[in-house]
Amino acid sequence: MRYLKLFKLFESIQSYEFTYEGQDGPYWIYLIDDEFGNQFKVEISRRPENEVELIYLVKDVDNWTYKEVKTNIWRLTETIIGKILNDFLSNNEWVETVKIVGLGKNTEKEALTQRTKLYWRFLNKNPITGWELDRYGNEIYLYKI
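The paragraphs below set out a description of the structure included in this document. (Residues numbered from 1 in each chain as written. Predicted model: local features only at pLDDT ≥ 70, side-chain atom pairs only at ≥ 80, totals over all residues. Heavy atoms only, no water.)

As a further point, take the overall build of the protein. Looking only at helices and strands, the protein features two helices and eight strands. The order of α-helices and β-strands along the protein, N terminus first, is β-β-β-β-β-α-β-α-β-β. The C-alpha radius of gyration computed for the protein amounts to 16 Å, which stays within 12% of the reference 15 Å derived for 145 residues, consistent with globular compactness. Here the contacts in the protein between residues at least 6 apart in sequence split such that 48% fall between residues at least 24 apart. Working note: accessible area of the protein is about 9,200 Å², and carbon and sulfur atoms make up 47% of it. (Helix = DSSP H or I, 4+ residues; strand = E, 2+ residues; numbered from the N terminus. Rg over C-alpha atoms; globule rule 2.2 N^0.38 Å. Contact = heavy atoms within 4.5 Å. Areas by Shrake-Rupley, 256 points an atom, 1.4 Å probe, with all protein chains shown as cover.)

Quick look at the structure:
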């Protein structure tokens, strides 16, 4: 046991490639394809008071849904929060608050969802420079310092 080294979550996770599809009204759209054939759409939507909300959807035939699919959630989180969110924030200095909601699976019994715990852990281990982290229930907030 004394030879075990501390393993940092996401330290060696490689992100997926993503493409910026542009702005559609109050939405900034990014697309991700994973190794399982899934396509994800990341939407960053503008809210009042210089706030944005980040969500992602998966393509189900011709519709974008919250359907659960087989994917590598660690790579997906690294891509969405570690790459896309950082890219968005570096290109949009007007943003003062970011809201991330961890939606729950149908089988969850706790109020605090597994996704929120995952996002929270990721952001604590990989803080975004110049941003303060806070959480209220299943909502995670980043505030510009």
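If you walk through the whole model with that rule in mind, you get seven aromatic pairs. Where tyrosine 136 meets tyrosine 141, the ring centres are 5.8 Å apart and the plane angle is 65°; that geometry is what we call edge-to-face. Centroid distance tyrosine 141 to tyrosine 143: 5.9 Å. Interplanar angle 10°. Geometry classified as stacked. On the basis of relative accessible area, tyrosine 141 is assigned to the buried category, the value being 12%. By relative accessible area, which is 28% here, tyrosine 143 ends up partly exposed. Here a set of aromatic residues connected by ring pairs shows up, and it is made of Phe18, Tyr20 and Tyr30. (Phe/Tyr/Trp six-rings, centres within 6.5 Å; stacked < 30°, edge-to-face > 60°. Buried < 20%, exposed > 50% of the residue type's maximum accessible area, 1.4 Å probe, protein only.)

Okay, the side chain of aspartate 34 next. Structurally, the position occupied by aspartate 34 is in the loop between strand 2 (27–33) and strand 3 (39–47). The buried charged residue aspartate 34 lacks any salt bridge, with arginine 75 as its nearest oppositely charged partner at 8.5 Å. At 3.1 Å, the side chain of aspartate 34 forms a polar contact with the backbone nitrogen of glycine 37. A polar atom in the side chain of aspartate 34 sits 2.8 Å from the backbone nitrogen of asparagine 38. (Lys, Arg positive; Asp, Glu negative; His and termini not counted. Salt bridge = Lys/Arg side-chain N within 4 Å of Asp/Glu carboxyl O. Polar contact = N/O pair within 3.5 Å; in protein donor to acceptor, adjacent residues only side chain to side chain.)

Closest axis-to-axis distance for the helix 1 (residues 73–91)/helix 2 (residues 114–125) pair is 11 Å, and the angle between their directions is 60°. Considering the angle they form, helix 1 stands oblique to helix 2. Once helix 1 is placed against helix 2, the crossing between them reads as right-handed. Across the interface between the two elements, Ile73, Trp74, Thr77, Glu78, Ile81 and Gly82 of helix 1 pack against Leu118, Tyr119, Phe122 and Leu123 of helix 2. Looking at the contact of helix 1 with helix 2, its residues break down into seven nonpolar, two polar and one charged. (Axes fitted to C-alpha atoms, helices over the stretch in contact; angles between N-to-C directions. Parallel < 35°, antiparallel > 145°, perpendicular 65-115°, else oblique. Left-handed = near helix turned anticlockwise from the far one by under 90°. Nonpolar A, V, L, I, M, F, W, Y, C, P; charged D, E, K, R; others polar.)

This paragraph deals with the nonpolar core. Ranked by internal contacts, the top residues of the largest apolar core, which has 29 residues, are Leu85, Val98 and Ile100. The set of elements that each furnish at least two residues to this core consists of strand 2, strand 3, strand 4 (51–60), helix 1, strand 6 (97–101), helix 2 and strand 8 (139–144). Of all the elements, helix 1 adds the most residues to this core, at seven residues. Those residues in contact with leucine 85 that sit more than four places away from it in its chain are Leu54, Ile80, Val98, Ile100, Ile128 and Leu142. (Core = buried A, V, L, I, M, F, W, Y, C linked by side-chain atoms within 4.5 Å.)

Glancing now at the pattern of salt bridges. Considering all chains together, one arrives at six salt bridges under this definition. Two residues, arginine 75 and glutamate 35, come together in a salt bridge whose shortest N-O distance is 3.7 Å. Placement of arginine 75 in helix 1 and of glutamate 35 in the loop between strand 2 and strand 3 is noted, with a sequence separation of 40 residues between them. Overall, arginine 75 belongs to the partly exposed group, its relative accessible area being 21%. With a relative accessible area of 45%, glutamate 35 lands in the partly exposed category. A salt bridge links lysine 41 to glutamate 43, with the shortest nitrogen-to-oxygen separation between them at 3.2 Å. Residue classification places glutamate 43 among the buried residues on the basis of a relative accessible area of 12%.

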